[in-house]
Amino acid sequence: MLFRSVIARRLSESAQTIPHFFVTSVADAEVLMEMRADLNERALATGMAKISVNDLIIRASALALREHPEVNASYLGDDSTVMLVHNRINIGVAVASKHGLVVPVIVDADLKTVGELGVEAKALAAQANGKGLSIDQMSGGTFTISNLGMFGVEEFTAIINPPEGAILAVGATTREPAVVGNQILARHRMRFTLSADHRIIDGALAAQFLRTLTGLIEHPWRIVASDY
């Protein structure tokens, strides 16, 4: 309960003191879902772990942060004339555990393959639901991802996890009508919302980050290019 009270205090402070703003994008995830199915067929044949949609999102977000480093930043206080731009991309992954909401951190996420990220994320989630995570495993994050898609949530906003400057809220990948050329077809689509600290991230930067992320989701072989 003490741990839960710390989370409650931090999120309350974040909601009250950080000027949040929200930007939402929708990506065509049809090719991503086809690619994932193909990769998991190969994984089954070789005895490797399956890849989840969340694993691909973590990797895509890390690559987008590499391209837009000012999103991977922290506010240093009203007295500072600069912001802290982190030189490492450490992504926190929100997990709803039996101990409450916890955010284990994957260090240097941009330097790991999708397969490595999946193994590490699953191990951290299992530990969170078992003996619990250490303080070190939940420290040092520079950006957070909260994915509620597995619960059927299509779209939501998330509260920034200080001292980070942004958090990505990811909804379910669902099939819906979409215009493709001159046709209306059923396509997998994914919505994600970036909550950003307006003191260090402006609307244009947030939009550029989401445009890069959308491009990666819609051309997903770029996400796993380093794996092969």
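Rules used in this analysis
- Residues numbered from 1 in each chain as written.
- Predicted model: local features only at pLDDT ≥ 70, side-chain atom pairs only at ≥ 80, totals over all residues.
- Heavy atoms only, no water.
- Salt bridge = Lys/Arg side-chain N within 4 Å of Asp/Glu carboxyl O.
- Helix = DSSP H or I, 4+ residues; strand = E, 2+ residues; numbered from the N terminus.
- Buried < 20%, exposed > 50% of the residue type's maximum accessible area, 1.4 Å probe, protein only.
- Core = buried A, V, L, I, M, F, W, Y, C linked by side-chain atoms within 4.5 Å.
- Axes fitted to C-alpha atoms, helices over the stretch in contact; angles between N-to-C directions.
- Left-handed = near helix turned anticlockwise from the far one by under 90°.
- Contact = heavy atoms within 4.5 Å.
- Nonpolar A, V, L, I, M, F, W, Y, C, P; charged D, E, K, R; others polar.
- Pairing = 2+ DSSP bridges.
- Expected span 1.5 Å × (residues − 1).

1. A few points about the pattern of salt bridges
- Scanning the entire structure with this criterion turns up eleven salt bridges.
- Between Glu176 and Arg189 there is a salt bridge, with its nearest N and O atoms 2.9 Å apart. On the criterion of sequence distance, the pair formed by Glu176 in strand 9 (residues 166-180) and Arg189 in strand 10 (residues 183-197) is long-range, its members being 13 residues apart.
- A residue is classified by how much of its surface remains accessible, and Glu176, at 18% relative accessible area, is buried.

2. Observations regarding the nonpolar core
- Ranked by size, the top nonpolar core spans 53 residues in total, and within it Ile91, Phe143, Leu168, Phe192, Leu194, Ile201 and Phe209 carry the most contacts.
- Sort the elements by how many residues they give to this core and helix 3 (residues 53-67) lands first, with nine residues.
- Of all hydrophobic cores here, the second largest spans six residues; its members include Ile18, Ala158, Ile167 and Ala169.

3. Quick word on the packing of helix 3 against helix 4 (residues 114-129)
- For the pair helix 3 and helix 4, the least separation of the axes is 9 Å and the interaxial angle reads 115 degrees. Here helix 3 runs over helix 4; the crossing is right-handed. Contacts between helix 3 and helix 4 involve Asp55, Leu56, Ile58 and Arg59 from the former and Val114, Leu117, Gly118, Ala121 and Lys122 from the latter.
- Residue composition of the contact of helix 3 with helix 4, grouped by class: five nonpolar, one polar and three charged.

4. Notes on the side chain of Ser25
- Counting through the fold element by element, Ser25 comes out in strand 1 (residues 20-28).
- Exposure remark for Ser25: the relative accessible area of 18% places this residue in the buried category.
- If we ignore the near neighbours within four places in the chain, the residues touching Ser25 are Met190, Arg191, Phe192, Leu210 and Thr214.

5. Section: the sheet that holds strand 4 (residues 91-93)
- The strand order 1-10-9-8-4-7 describes an open sheet built from six strands, whose pairing is mixed. The sheet is open, and its two edges are formed by strand 1 and strand 7 (105-106), each paired on a single side.
- Pairing of strand 4 with strand 7, which is carried by two bridges, proceeds in the antiparallel orientation. Of the residues in strand 7, the one forming a bridge with Ile91 is Ile106.
- Packing of helix 3 onto the sheet brings it into contact with strand 4, strand 7, strand 8 (143-147), strand 9 and strand 10, and relative to strand 8 it is tilted by some 150 degrees.

6. Remarks on helix 2 (residues 30-46)
- An ideal rise of 1.5 Å per residue puts 24 Å on 17 residues; helix 2 measures up with 25 Å between its terminal C-alpha atoms.
- On its buried side, helix 2 packs onto strand 1, helix 3, strand 9, strand 10 and helix 5 (203-218).
- Residue Gly47 follows helix 2 closely and has a positive phi angle near 75 degrees.

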